[in-house]
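Residue strings, one per chain:
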Amino acid sequence: MRRLLNFGGQEFIERVGPESLRAATLHILRGDNVRTQTEPMTRQRIAEVFGAMTKLLANASKRHNSLFVQLSELSWHQLSNATQSDRASVWPAQWLLGITGKSTQNVLRSEPAAFEEYTKNFEETLTNAAESLSSEFGILNAQIDLDGESVSLSWVEYLRFLTAMGCAELAIRGSDKSRYGKLFERLVLGGLLSSLNLDYRQSNDELSARSFWLSDSTDDRECDGTAVVRPGYLARFDIRFIGIGNPEIVRDKLSRYARQAERQGISHSSITFIIVDRYPTGPRSNSLQLAEQSGSELIQMSMSCWPREVATRLHERLGFDHPLRSMSDSDVADYLHSSLLELDMLDFVPRLRSEQ
């Protein structure tokens, strides 16, 4: 359980390997959905956590004859005494109480008195649901046999088990969405700008023409990457794997950036490129109008040759020239593949490299 929940960068690289990272990045640069690349890994982790939770309950039932009668009290005791950053201790205890970290913050507001009242209501809810199901479907007498350990489940115990599994999936999906999003934002942006023959720099202190760095926050607004396309001309990039269901996020990003940026005491002309999975369209959407008004460029990663669109707009707005903008669809795909083969993808994620 601890290995699955404290799943970090080193474990991720060991599991998928650098070549898989390169292949997934290439797919995204060709217009594939990042979720298509990460969903199998998330689904497997969820399944393994389900198994680990089953084993946890089987082991606990051996130590406690009336496990489910004491389960809320045991879970609450563990939550009260665990270090909140220790996922392996905190998360399973939360799930067995039918909550996640978000529930703790937003519903219970992390207040001890609220936990006590919540636990009482949770037990009553399970009992009422179990009585209703027994009346409608009959008595449930389920049993889990695992490695010599046995757990018997009535309706109320089975419902608690299912509730814990549901909370586990929510927590793992939220955790993986954040982890994979941050990881692939850097990989995709680093791969994109490198394919435009811009040189990657670890620090913006190494300012030079035709270079770029990631996670720039040296002015009043943070962006995910900045490229010096030629002396005095910057392209700033904000990349997020957000789609049409989050129009307010796209609008916020379009209003964030000023057209002038200062680097090393020198004012530079700056154009911001907002890169999203898909931006909202239709008669009620004004994303394109907002982009035009703000002087920004809005790019959709769902387009099959969206890196070519970036190259085209860099040429139109900042006079940056690269052969990619005039390539055919098939040539774009071949070019991106050969460009990424020359890269060490972990260069764009120094934290992961340091963990190896």
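Residue positions are given per chain, counting from 1 as you read along its sequence in written order. Thresholds applied to this predicted model are a pLDDT of at least 70 for local features of residues and 80 or more for the giving and counting of side-chain atom pairs; totals over whole chains, interfaces and linings are not thresholded and use all residues. To obtain the side-chain values, all non-hydrogen atoms of the structure were used and water was disregarded.

What about the overall build of the chain?
So, point 1. Secondary structure is summarised from DSSP: a helix means a run of H or I of at least four residues, a strand means a run of E of at least two, and numbering begins at the N terminus for each. A count of helical and extended segments in the chain gives 14 helices and 9 strands.
So, point 2. Throughout this description, buried means an accessible area under 20% of the type-specific maximum (1.4 Å probe, protein chains only), exposed means over 50%, and partly exposed covers the range between. A total of 356 residues make up the chain; the buried ones form 47% of that total.
So, point 3. Partitioning the intrachain contacts of the chain with sequence separation of at least 6 by distance along the chain shows that 63% fall at a separation of at least 24. Here, residues are in contact when the closest pair of their heavy atoms is within 4.5 Å.

Some points on the pairing of strand 2 (residues 149-153)
So, point 1. Burial along strand 2 is one-sided: Glu 149, Val 151 and Leu 153 are buried, and none of Ser 150 and Ser 152, which face the opposite way, are.
So, point 2. Note on pairing: DSSP must find at least two bridges between two strands before they are called paired. Across 5 bridges, strand 1 (residues 142-146) lies against strand 2 in antiparallel orientation. Directly across from Ala 142, in strand 2, lies its bridge partner Leu 153.
So, point 3. Counted along the chain from strand 1 to the antiparallel partner strand 2, the turn is 2 residues long, and its residue Asp 147 has a positive phi close to 50°.

Considering the side chain of Asp 176
So, point 1. If you trace the backbone, Asp 176 turns up in helix 9 (residues 155-195).
So, point 2. Whenever two N or O atoms come within 3.5 Å, that pair is a polar contact, provided that in protein one can donate a hydrogen and the other can accept it, and provided that, for residues adjacent in sequence, both atoms are side-chain atoms. Engagement of the side chain of Asp 176 in a polar contact is seen with the side chain of Arg 45, the distance being 2.4 Å.
So, point 3. Here the side chain of Asp 176 touches Arg 179 through a polar contact of 2.9 Å, side chain to side chain.
So, point 4. Ignoring sequence-local partners within four residues, the contact set of Asp 176 consists of Thr 42, Arg 45 and Gly 181.

What to know about the pairing of strand 5 (residues 223-230)
So, point 1. Of all 8 residues in strand 5, 7 are buried, a share of seventy percent or more.
So, point 2. Linkage of strand 5 to strand 6 (residues 233-240), two consecutive antiparallel strands, is achieved through a turn of 2 residues, within which Gly 232 is found at a positive phi near 85°.

Details of unusual backbone geometry
So, point 1. The backbone phi angle of Asp 147 is positive, close to 50°, even though this residue is not glycine.
So, point 2. One can find Asp 147 in the loop between strand 1 and strand 2.

Thoughts on the packing of aromatic side chains
So, point 1. Each Phe, Tyr or Trp ring, with Trp reduced to its six-membered ring, pairs with another whose centre is within 6.5 Å; inter-plane angles below 30 degrees give stacked pairs, above 60 give edge-to-face pairs, and intermediate values give tilted ones. Summed over the entire model, instances satisfying the criterion amount to 7 aromatic pairs.
So, point 2. On the numbers, 5.9 Å between centres and 45° between planes, the contact of Trp 91 with Trp 95 is tilted. Placement of the pair is Trp 91 and Trp 95 together in helix 6 (residues 87-96), with a separation of 4 residues, close to one helical turn. Each member of the pair, Trp 91 as well as Trp 95, is classed as buried.
So, point 3. Ring geometry for Tyr 200 against Phe 348: centres 5.1 Å apart, planes inclined by 75°, an arrangement best described as edge-to-face. One end of the pair, Tyr 200, is in strand 3 (residues 199-200); the other, Phe 348, is in the loop between helix 13 (329-341) and helix 14 (350-355), and 148 residues separate them in sequence.

So, the side chain of Thr 119
So, point 1. Mapped onto the elements of the fold, Thr 119 is located in helix 8 (residues 112-137).
So, point 2. Ignoring sequence-local partners within four residues, the contact set of Thr 119 consists of Ser 72 and Leu 97.

Some remarks on the nonpolar core
If you look at soluble globular proteins, the nonpolar side chains tend to sit buried side by side.
So, point 1. Grouped together as the largest cluster of nonpolar side chains are 50 residues, with contacts concentrated most on Phe 184, Leu 196, Phe 237, Trp 306 and Leu 314.
So, point 2. If you tally residues by element for this core, the top one is helix 9, at 8 residues.
So, point 3. For Phe 237, the contacting residues outside a window of four places in its chain are Leu 189, Leu 193, Cys 223, Asp 224, Gly 225, Ala 227, Phe 273, Ile 275 and Val 310.
So, point 4. Residues enter a nonpolar core if they are buried and are Ala, Val, Leu, Ile, Met, Phe, Trp, Tyr or Cys, with the set joined through side-chain atoms within 4.5 Å. Membership of the second largest hydrophobic core comes to 38 residues, among which are Leu 5, Leu 67, Phe 115 and Leu 159.

Re the confidence of the model for the chain
So, point 1. On a range of 0 to 100, pLDDT expresses the predictor's confidence in each residue. Overall, the prediction assigns the chain a mean pLDDT of 82, with 80% of residues at 70 or greater.
So, point 2. Scored below 50 in pLDDT, residues 258-267 makes 32 contacts in the model with residues more than four places away or belonging to other chains.

Quick look at helix 6
Residues spaced three or four apart along an α-helix face the same direction, because each turn holds 3.6 residues.
So, point 1. For helix 6, the tally of buried residues reaches 9 of 10 residues, placing the bulk of the element in the interior.
So, point 2. Along helix 6, the positions that sit buried rather than exposed are Ala 88, Ser 89, Val 90, Trp 91, Pro 92, Ala 93, Gln 94, Trp 95 and Leu 96.
So, point 3. Immediately downstream of helix 6, the backbone of Gly 98 shows phi near 75°, a positive value.

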